[in-house]
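Results of the structural survey
Given next are the chains, with one letter for each unit.
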Amino acid sequence: MRESYRAKQSRKARINKEKQEKNIEKRNNKIYNKNENRDFKKRDSFKNKDNFKTIVNDEKEEKIYEDVVAGRNAVLELLKSDKDINKLYIERGEKHGSISEIYARANEKKVVLVEVPKQKLDMMAESNQGVVAVVPPFNYCDVDDILEVAEERKEDPFIIILDGIEDVHNLGAIIRTAETAGVHGIIIPKRRNVQVNSTVSKTSAGATTYVKVARVNNLNETIKYLKEKGLWIIGTDGEGDTYYYDQDLKGPLAIIIGSEGNGMNRLVKQNTDILIKIPMFGKITSLNASVSAGIVIYEAVKQRKI
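Residues numbered from 1 in each chain as written. Predicted model: local features only at pLDDT ≥ 70, side-chain atom pairs only at ≥ 80, totals over all residues. Heavy atoms only, no water.

Looking at the packing of helix α2 (residues 72–80) against helix α3 (residues 99–108)
Short version of the rule: Only the contacting stretch of a helix is used when fitting its axis, a line to C-alpha atoms as for every element, and angles between N-to-C directions run 0 to 180 degrees. Strands are runs of DSSP state E lasting at least two residues, helices are runs of H or I lasting at least four, and both sets are numbered from the N terminus onward. Each angle receives one of four descriptions, namely roughly parallel if under 35 degrees, roughly antiparallel if over 145, roughly perpendicular if within 65 to 115, and oblique otherwise. By definition, turning the near helix anticlockwise from the far helix through less than a right angle yields a left-handed crossing, and turning it clockwise yields a right-handed one. Pairs of residues are marked as contacts when any of their non-hydrogen atoms sit within 4.5 Å. Residue polarity follows a fixed list, in which Ala, Val, Leu, Ile, Met, Phe, Trp, Tyr, Cys and Pro are nonpolar, Asp, Glu, Lys and Arg are charged, and the others, Gly among them, are polar.
Interhelical geometry of α2 versus α3 gives an angle of 25° and a closest axis separation of 10 Å. It follows from the interaxial angle that α2 and α3 lie roughly parallel. As for how α2 packs across α3, the hand of that crossing is left-handed. Contact with α2, carried on its side by Arg-72, Val-75, Leu-76, Leu-79 and Lys-80, involves Ile-99, Glu-101, Ile-102, Arg-105 and Ala-106 of α3 and no other residues of that element. For the contact of α2 with α3, the residue count by class is six nonpolar, no polar and four charged.

This is the structure we're talking about:
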């Protein structure tokens, strides 16, 4: 039976439509695969670049921000001193209060000054008060440098030894107290003790600019060396037999402040000449390390200078 003209045309139209749909599907698959491959390459490339960029930036960030001084008082004291400043970052638009003095001193010392958004400052240092100074690594000194300070002032050496201080705010507060009391220097161990960083500098209100800090490998060997130099080594400990105000704190001496939780190391305690204590009358039987340091340091000041 012969196919009618209308059926023949309908069949041809159906075949053409199927071919068109197949071609469209094939073309779409080809485009999709091409784009998918491109996206994968792009994504992998972008990922690699990001990783590389992150690594590079992390290295740069670590290198740039490894040593910073943050906070208005700390930066202002830094500008007043003869310390080097690599660059000074100030929050964009901030011109109030002591910031204006910081601007003036920075321009006077020809320090490179950059205005940046607050977010960048927050990445560099917490609680920055709108200003961060990038400085060379903190310059730790030798123990002999501390003894030379006492000699230059023609005073008996007065040194603070910190054993196991773990809180940066305590270290900053102790350095601040030591500076105001005229202590010749502070000794800290390289291990089991926080080091001087931006938070310590800010908490010290800039006192890290003026106080010499020695970092030693072996605290016990250093104590023996100080004894050879004629210093008395006095430890602060709740098991001491003498109250701090009954102890003679005049003459050449080093006072040891132990860690916030465990106090002095056993060997360090054994190497002390005298153990003193602070009276406790409440239910809490210990003080914050920086508070203990302040009490004993100023008792020594009272006996030595007043």
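A closer look at the environment of Arg-304
What counts is decided by this rule: Think of a polar contact as two N or O atoms within 3.5 Å of one another; within protein, one of them needs to be a possible hydrogen donor and the other a possible acceptor, and neighboring residues in sequence only count if both atoms come from side chains.
Inspection of the secondary structure assignment puts Arg-304 in helix α10 (residues 289–305). Dropping the residues within four chain positions of it, Arg-304 is found in contact with Asp-156, Pro-157, Phe-158, Leu-249, Lys-250, Gly-251 and Leu-253. In this structure the side chain of Arg-304 is engaged in a polar contact, spanning 2.5 Å, whose partner is the backbone oxygen of Gly-251.

Thoughts on a negative patch on the surface
Inclusion rule: Grouping into patches uses exposed residues only, defined as over 30% relative accessible area, and leaves out salt-bridged ones; the cut-off is 9 Å for like charges and 5 Å for nonpolar side chains (Val, Leu, Ile, Met, Phe, Trp, Tyr). Accessible areas in this description were obtained via Shrake-Rupley with a 1.4 Å probe; residue shielding takes into account the shown protein chains only. By definition, a salt bridge exists where a carboxyl oxygen of Asp or Glu is found within 4 Å of a side-chain nitrogen of Lys or Arg. Residues scored as positive are Lys and Arg, those scored as negative are Asp and Glu, and His as well as the terminal groups of each chain are ignored. One atom stands in for each charge, and that atom is NZ of Lys, CZ of Arg, CG of Asp or CD of Glu.
Where like charges cluster on the molecular surface, the negative patch consists of Asp-142, Asp-144, Glu-148, Glu-151 and Glu-152. In this structure, Glu-148 sits in helix α5 (residues 143–153).

Here we look at the confidence of the model for the protein chain
Any residue range with low pLDDT should be treated as having predicted coordinates unsuitable for detailed reading. To keep it simple, the criterion reads: Per-residue confidence from the prediction method is given by pLDDT, with values spanning 0 to 100.
Overall, the predicted model of the protein chain reaches an average pLDDT of 82, with 78% of residues at or above 70. Element-level mean pLDDT values for the protein chain span from 51 in helix α1 (residues 5–65) up to 97 in strand β5 (residues 158–163). Between residues 39–65, whose pLDDT stays under 50, and residues either more than four places distant or in other chains, the model counts five contacts.

Thoughts on the pairing of strand β6 (residues 185–189)
How we decide: Three exposure classes are used, based on accessible area relative to the maximum for each residue type with a 1.4 Å probe and protein chains only: buried under 20%, partly exposed in between, and exposed over 50%. The criterion for strand pairing is that DSSP finds at least two bridges linking the strands in question. Handedness of a crossover is defined as follows: with both strands directed away from the viewer, a clockwise route from the first strand across the helix to the second makes it right-handed.
The element β6 is largely enclosed, with a buried count of five among its five residues. Here β6 shows no split at all, with Gly-185, Ile-187 and Pro-189 on one side and Ile-186 and Ile-188 on the other all buried. Here three bridges tie β5 to β6, and the two strands are oriented parallel to one another. Directly across from Ile-159, in β6, lies its bridge partner Gly-185. The parallel pair β5 and β6, bridged by helix α6 (residues 168–181), forms a crossover whose chirality is right-handed. Note: β6 against strand β7 (residues 213–216), four bridges, orientation parallel. Each bridged residue has a counterpart across the sheet, and for Ile-188 the counterpart in β7 is Arg-215. Regarding topology, helix α7 (residues 198–203) serves as the crossover connection from β6 to the parallel β7, and that connection is right-handed.

Let's talk about unusual backbone geometry
Only a minority of non-glycine residues have a phi that is not negative, and only a minority of peptide bonds are not trans. With a phi close to 60°, Lys-110 is a non-glycine residue in the positive phi region. Mapped onto the elements, Lys-110 comes out in the loop between α3 and β3 (113–116).

Thoughts on a nonpolar patch on the surface
A cluster of nonpolar residues, Met-280, Leu-287 and Val-291, forms a patch on the protein surface that exposes about 210 Å² of accessible area. When you line up the elements, Met-280 lands in the loop between β11 (274–277) and α10. A relative accessible area of 34% places Met-280 in the partly exposed class.

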